[in-house]
Amino acid sequence: MKLAKGCTLNLETQPLTLQTIKFVLGAISSSNDNVVACDCNRPTKIVRAWTRENPGRRFLSCRGRRVGSDFESCNFFRWYDVEKPHGWQNLALLEAWDTIREQKEEIANLREQVRSVNHVSENLEISSELMESMKQKNEECEALKIEVLILKERSSVLRNVLVASSMGFAVVFGGMMVMSKY
Ligand SMILES: [Zn+2]
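Small disclaimer: the values here were computed from a predicted structure and weren't measured.

1. Considering helix α2 (residues 87-181)
Okay, step 1: The first and last C-alpha atoms of α2 sit 140 Å apart over 95 residues, in line with the 141 Å expected at 1.5 Å per residue.
Okay, step 2: Counted residue by residue, α2 has zero buried out of 95 residues, so it is predominantly exposed.

2. What to know about the UniProt feature "transmembrane region" (unreviewed entry) in the chain
Okay, step 1: Residues annotated in UniProt with the feature "transmembrane region" (unreviewed entry) correspond here to residues 161-179.
Okay, step 2: What you have in residues 161-179 is 100% helix and 0% strand, and the ends, taken at the C-alpha atoms, are 26 Å apart.

3. Regarding the sheet that holds strand β1 (residues 45-50)
Okay, step 1: One open sheet holds the three strands; their spatial order is β1-β2-β5, and the pairing between them is antiparallel. The two strands at the open ends of the sheet, each matched to only one other strand, are β1 and β5 (77-79). Strand-to-strand twist in this sheet, taken as the mean axis angle between neighbours without regard to direction, amounts to 40 degrees.
Okay, step 2: Of the strand pairs in this sheet, β1 and strand β2 (residues 55-61) are connected by five bridges, and their pairing is antiparallel. For I46, the partnering residue across the bridge sits in β2 and is L60.
Okay, step 3: Where α2 meets the sheet, it contacts β1 and β2, and its direction lies at approximately 85 degrees from that of β2.

How each quantity is defined
- The residue count restarts for each chain, going from 1 along the sequence in the order it is written.
- For a predicted model such as this one, the threshold for reporting local features is a pLDDT of at least 70, and the threshold for listing and counting side-chain atom pairs is 80 or more; totals across whole chains, interfaces and linings nevertheless cover every residue.
- The way it works is that DSSP assigns letters per residue, a run of H or I at least four long becomes a helix, a run of E at least two long becomes a strand, and they are numbered from the N terminus.
- Here, expected helix span is obtained from the residue count minus one, scaled by 1.5 Å.
- Field definition: a residue is buried when 20 or more other C-beta atoms are found within 10 Å of its C-beta, exposed when 12 or fewer are, and partly exposed for counts in between, with C-beta atoms placed from the backbone.
- UniProt positions are given in the numbering used here, feature names are shortened, and annotations may be inferred rather than shown by experiment.
- One bridge is not enough; two strands pair if DSSP finds at least two bridges between them.
- Angles shown run from 0 to 180 degrees and are taken between the N-to-C directions of axes, each axis being a line fitted to C-alpha atoms and, for helices, limited to the stretch in contact.
- We call two residues in contact if the C-beta atoms placed from their backbones are at most 7 Å apart.

In structure tokens:
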């Protein structure tokens, strides 16, 4: 196993202790801030290739930079992993990559479904709001009906009063007329 800073570590002869693991991880993480510069004279970034020929093989690439609304980068390319991937490891990596891609698609589909379910429940909320306002309108309508009934009753009472009073007036007037004849 070859590490970035040129130090080598043979895991077959070295017992795999926590210290060994920490050493390996430390070497890997510190290798991320590599000092190789691209054609723009800026520190490069490590990218993993996922081609048939080189699955999982890392290379150095330009970080690029934002210029206004554009993104500019040079075509700098250099393998970071010196050894070519080979044999069954190639196949295993490609299969793992395919699985990851399938799972990503599945997650994206599920997210889409969740979004549409949320949308439906939003609509349900709206319809329950509608039901509420319809119920309110119905209650208002009932109240109006009662008011109309009360008004009807009042007007019939008034009519009766009017009829009674006009009848009374007629009686009184008639009586006066009769009395004036004598
Ligand atoms: Zn560059």
